[in-house]
Amino acid sequence: MLGAAALCAIAATPAAAQDISACLITKTDTNPFFVKMREGAEAKAKDLGITLNSYAGKVDGDNETQVAAIETCIANGAKGILLTPSSTSAIVPSVQQARDAGLLVIALDTPLDPIDAADMTFATDNFKAGELIGQWARATLGDEAANAKIGMLDLDVSQPTVGVLRDQGFMQGFGIDIADPNQWGDESDPRIVGHDVTAGNEEGGRKAMENLLATDPSINVVYTINEPAAAGAYQALKAIGRENDVLIVSVDGGCPGVANVEAGVIGATSQQYPLLMASKGIEAIAAWANDGVKPQATEGKDFFDTGVALVTDKPAEGVPSISVEEGKNLCWG
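Residues numbered from 1 in each chain as written. Predicted model: local features only at pLDDT ≥ 70, side-chain atom pairs only at ≥ 80, totals over all residues. Heavy atoms only, no water.

### Here we look at the packing of helix H2 (residues 63-75) against helix H3 (residues 92-100)
Thinking step 1. Interhelical geometry of H2 versus H3 gives an angle of 5° and a closest axis separation of 10 Å. When the axis of H2 is compared with that of H3, the two are roughly parallel. When H2 is examined against H3, the residues Val67, Ile70 and Ile74 are found in contact with a partner set consisting of Ser94, Val95, Gln97 and Ala98.
Thinking step 2. Of the residues belonging to the contact of H2 with H3, the class tally is five nonpolar, two polar and no charged. (Axes fitted to C-alpha atoms, helices over the stretch in contact; angles between N-to-C directions. Helix = DSSP H or I, 4+ residues; strand = E, 2+ residues; numbered from the N terminus. Parallel < 35°, antiparallel > 145°, perpendicular 65-115°, else oblique. Contact = heavy atoms within 4.5 Å. Nonpolar A, V, L, I, M, F, W, Y, C, P; charged D, E, K, R; others polar.)

Spelled out as structure tokens, the structure:
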């Protein structure tokens, strides 16, 4: 009755104690970022004796399945939910329903809209992540940055917060007037060839890159929402023999993505730490269940900042970065 048949339940970790249970709800179960996030949540739940049930949408943007998962978590008496929302605004009424029922709801990676619709957000500073790759791309191009032709490979037409923050951060880092920082696509800088959406996966990245190349085949800089989209963009460029003369930048810093930086597929990527997000989230649910204590935001921010680092083997002057070797040691941390 609660839509359980529609749920994509992907894991359940048994625990010694059965009085505290938690839920992890991710956008998909295929993106390596969310796979690793689940592993981090499972490991910490096992350490703390918490029963963890994990759910995922069928594809990025699948709000309906996430809503059904929240309903199931409420009905099952969970103490808290860790959520990477597919639709950052449409999911808010369901989140409020969970909070009204006494559950602690923590957004991971992707802030809700508004951000205070969740009890707390544990995430990378996504604007900073975008800004770092924008600064690196501008510094790498040097004087030619003034003549860049930029393709923007975003997440979804609904413009979830994580996509907007990364997109706008990149533009600011590159030196582009972002107009309204709460949306992408309203900028007037002629260097922006256009935006297309990828659903955060490789096939979406390939198709979006093909669409933008049809608009302007001279694109020489590509911003991508994440590394699967970057891999798809690279395949589209390779198909026309341009894989070596286009600068691709991205966000995630996952192990496959760092390997693609090493291979030259991606020039630089901003590394996130999903294991840390998930483990801190489980700790917060345990504190809420045991002591009624809610997590606090990082000083000066409205979320708990889990950190970000630019990974590249081609450092740019004035842009802080770490090497690919360091990125390998930290990936998914």
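Once the structure has been displayed, the description carries forward.
### Digging into the sheet that holds strand E8 (residues 192-197)
The strands that make up a sheet are held in pairs by hydrogen bonds between backbone atoms, and each pair lies either parallel or antiparallel.
Thinking step 1. Here six strands make up an open sheet; going across it, the order is E8-E7-E9-E10-E11-E13 and the pairing mixed. With partners counted over all chains shown, the strands left at the sheet margins are E8 and strand E13 (309-311), one partner each. When the angles between neighbouring strand axes are averaged without regard to direction, this sheet yields 15°.
Thinking step 2. Pairing of strand E7 (residues 150-154) with strand E9 (residues 221-224), which is carried by four bridges, proceeds in the parallel orientation. Paired with Gly151 across the bridge in E9 is Val222.
Thinking step 3. Across the face of the sheet, helix H6 (residues 202-215) comes into contact with E7, E8 and E9 while running at roughly 150° to E8. (Pairing = 2+ DSSP bridges.)

### Describing the state of the cysteines
Thinking step 1. For the structure on display, the rule yields two disulfides.
Thinking step 2. Each sulfur in the disulfide pair Cys23 and Cys73 lies 2.2 Å from the other. Its S-S torsion of about -120° marks the bond between Cys23 and Cys73 as left-handed, since a negative value means left-handed. Of the two residues, Cys23 sits in strand E2 (residues 21-26) while Cys73 sits in helix H2, which places them 50 residues apart along the sequence.
Thinking step 3. Paired by a disulfide, Cys255 and Cys331 hold their sulfur atoms 2.1 Å apart. Here the disulfide of Cys255 and Cys331 is right-handed, its torsion about the S-S bond being about 85°. Taken together, the residues span a long stretch of sequence, with Cys255 in helix H8 (residues 255-262) and Cys331 in the segment after helix H10 (324-330) at a distance of 76 residues.
Thinking step 4. The class of Cys255 is partly exposed, set by a relative accessible area of 30%.
Thinking step 5. Residue class for Cys331 comes out buried when judged on its relative accessible area of 14%.
Thinking step 6. Shown here for the chain is a disulfide pattern of 1-2, 3-4, where each number marks a bonded cysteine counted in sequence order. (Disulfide = S-S within 2.5 Å. Buried < 20%, exposed > 50% of the residue type's maximum accessible area, 1.4 Å probe, protein only.)

### A look at the pairing of E2
Thinking step 1. When you tally the buried positions in E2, you get six out of six residues, the bulk of the element.
Thinking step 2. Residue alternation in E2 divides its side chains into two sets, Ser21, Cys23 and Ile25 and Ala22, Leu24 and Thr26, and both sets are buried.
Thinking step 3. The pairing of E2 with strand E3 (residues 51-56) spans six bridges and is classified as parallel. Directly across from Thr26, in E3, lies its bridge partner Ala56.
Thinking step 4. In this fold, the crossover linking E2 to E3 by way of helix H1 (residues 32-48) has right-handed handedness. (Right-handed = clockwise from strand over helix to strand, strands pointing away.)

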